[in-house]
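So the chains spell out like this:
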Amino acid sequence: MPKRLAGTVIDSATLTEENKAEDKTLPSYWGFEKGEKLTTLDEFDPMKQTTVKGQADAKRMLKTCRAWLKSDTGWLTIIGGVGIGKTHLMKALAVEGNCYYITAYDFDYRIKQFRDSTSEGTQRRDPDDWLHDIGTMERRLIIDDVGAGYIDKGWTSIRFERLVDLRYRNQRPTAVTSNLSGKALEKALGERIMSRITDADIARVVIASNAKDIRMKRRKALSLYEVYTGKKPDAE
Ligand SMILES: Nc1ncnc2c1ncn2[C@@H]1O[C@H](COP(=O)(O)OP(=O)(O)OP(=O)(O)O)[C@@H](O)[C@H]1O
Ligand SMILES: [Mg+2]
């Protein structure tokens with residue numbers, strides 16, 4: 001199997017059958033780190049939300065994710081607070097829809113890695129070639145956690161804008177998620193990106209403002225003692 005740089009994207013069409021079979025067993029084929037826990041759409045249960053409005057948001061997210069998987073073009077934009085299952089859904093889509101998954105943080109990290117890889121023995125890659133590859137590939141692209149402040153202003157933010165524009169201009173199916181909404185999102189991403197990811201002609205946008213943090217629910221099942229000490233109250 002050809003050696004690949006971490007973060008290199010190979011369009012599924014260019015993989016041989018043998019490589020495909022081997023790659024499919026590796027989370028890296030979908031952009032994950034080895035050993036990362038994968039999720040499925042079926043495991044996403046809208047009833048985990050505790051309010052009727054939260055459940056309605058969760059149902060809408062799930063339904064919209066499934067609809068996006070069925071169409072060949074278009075954007076999926078999911079906006080909502082922390083712990084409502086955005087990453088759970090995006091990882092599930094990556095595997096079930098053979099998408100390439102990347103977080104905004106990893107985008108920033110990987111593109112700088114390519115730019116800065118000067119040491120002997122490290123395969124070099126022009127960061128802008130990589131950008132062009134993922135910007136134009138037919139394979140679906142998922143960018144999780146946009147606007148979370150991971151993208152440096154300047155060198156990487158220009159490239160992030162280019163990535164969004166390439167996907168948009170080439171009508172490549174792309175999904176994005178964010179914790180921010182409204183003006184805060186526009187401030188973080190800039191008008192140009194905001195306008196593309198919420199273009200009503202091509203984007204399925206879900207604003208899940210009533211869904212609540214599932215992690216909070218789990219934390220409530222623990223005592224404060226356990227949260228801070230990591231031990232059961234009777235463990236000492
Ligand atoms: N409706 C649900 N059904 C099953 N599991 C869920 C659901 N919602 C959230 N979870 C689980 O809750 C945890 C937090 O979800 P996840 O990481 O997807 O949230 P997120 O919206 O991406 O949060 P953040 O904005 O902080 O990244 C995960 O373990 C996820 O599997
Ligand atoms: Mg997340």
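In this text the structure is predicted, and so the values were computed from the model without any measurement.

**Considering the overall build of the chain**
Here is step 1 of the chain: When its secondary structure is counted, the chain shows 10 helices and 5 strands.
Here is step 2 of the chain: In the chain, which comprises 236 residues, the share counted as buried stands at 30%.
Here is step 3 of the chain: Of the contacts made within the chain by residues no fewer than 6 positions apart, 78% connect residues no fewer than 24 positions apart.

**Considerations on the site of ligand 1**
Here is step 1 of the chain: Among the 18 residues in the neighbourhood of ligand 1, the closest are listed as V82, G85, K86, T87 and H88.
Here is step 2 of the chain: Per-element accounting of the shell around ligand 1 gives the leading share, 3 residues, to helix α3 (residues 86–96).
Here is step 3 of the chain: Across the shell around ligand 1, the residue classes break down as 6 nonpolar, 6 polar and 6 charged.

**Comments concerning helix α6 (residues 155–169)**
Here is step 1 of the chain: With 15 residues, α6 extends 21 Å between its outermost C-alpha atoms, agreeing within 8% with the 21 Å of an ideal straight helix rising 1.5 Å per residue.
Here is step 2 of the chain: Among all positions of α6, only R159, F160, L163, V164, R167 and Y168 are buried.
Here is step 3 of the chain: Looking at the buried positions of α6, the neighbouring elements they touch are α4 (104–116), α5 (127–136), β3 (141–144), β4 (174–178) and α8 (191–197).

**Here's the deal with the pairing of β4**
Here is step 1 of the chain: Burial analysis of β4 places 5 of its 5 residues in the buried class, which makes it a mostly covered element.
Here is step 2 of the chain: Neither face of β4 is left uncovered, since the one carrying T174, V176 and S178 and the one carrying A175 and T177 both have all their residues buried.
Here is step 3 of the chain: When β3 meets β4, the two strands line up parallel, connected through 3 bridges. Bridge pairing links I143 to V176 in β4.

**Details of the environment of E36**
Here is step 1 of the chain: Tracing the backbone through its elements, the reader meets E36 in the loop between α1 (17–24) and α2 (52–70).
Here is step 2 of the chain: The sequence separation of E36 and K91 amounts to 55 residues, and the corresponding C-alpha distance is 9.9 Å.

**Here's the deal with the packing of α5 against α6**
Here is step 1 of the chain: With their axes 8 Å apart at the nearest point, α5 and α6 run at an angle of 35° to one another. The interaxial crossing formed by α5 with α6 has right-handed handedness. Seen from α5, the contacting residues are L131, I134, G135 and T136; seen from α6, they are R159, R162, L163, L166 and R167.
Here is step 2 of the chain: Of the residues in the contact of α5 with α6, the class split is 4 nonpolar, 2 polar and 3 charged.

**Comments concerning the sheet that holds strand β2 (residues 100–103)**
Here is step 1 of the chain: As summarised here, the arrangement of the 5 strands in space is β2-β3-β4-β1-β5, forming an open sheet in which the pairing is parallel. The open sheet has two edge strands with one neighbour each: β2 and β5 (203–208). Taken pair by pair, the neighbouring strands of this sheet meet at an average axis angle of 10°, ignoring direction.
Here is step 2 of the chain: Pairing analysis gives 6 bridges linking strand β1 (residues 75–80) to β5, with the strands arranged parallel. Pairing of G80 across the sheet is with A208, part of β5.
Here is step 3 of the chain: Strands in contact with α3 are β1, β2, β3 and β4; relative to β3, the strand with the most contacts, it is inclined by about 160°.

Rules of the game
Residues numbered from 1 in each chain as written. Chains lettered and ligands numbered in written order. Predicted model: local features only at pLDDT ≥ 70, side-chain atom pairs only at ≥ 80, totals over all residues. Helix = DSSP H or I, 4+ residues; strand = E, 2+ residues; numbered from the N terminus. Buried ≥ 20, exposed ≤ 12 C-beta atoms within 10 Å, placed from the backbone. Contact = placed C-beta atoms within 7 Å. Near = placed C-beta within 6 Å. Nonpolar A, V, L, I, M, F, W, Y, C, P; charged D, E, K, R; others polar. Expected span 1.5 Å × (residues − 1). Pairing = 2+ DSSP bridges. Axes fitted to C-alpha atoms, helices over the stretch in contact; angles between N-to-C directions. Left-handed = near helix turned anticlockwise from the far one by under 90°.

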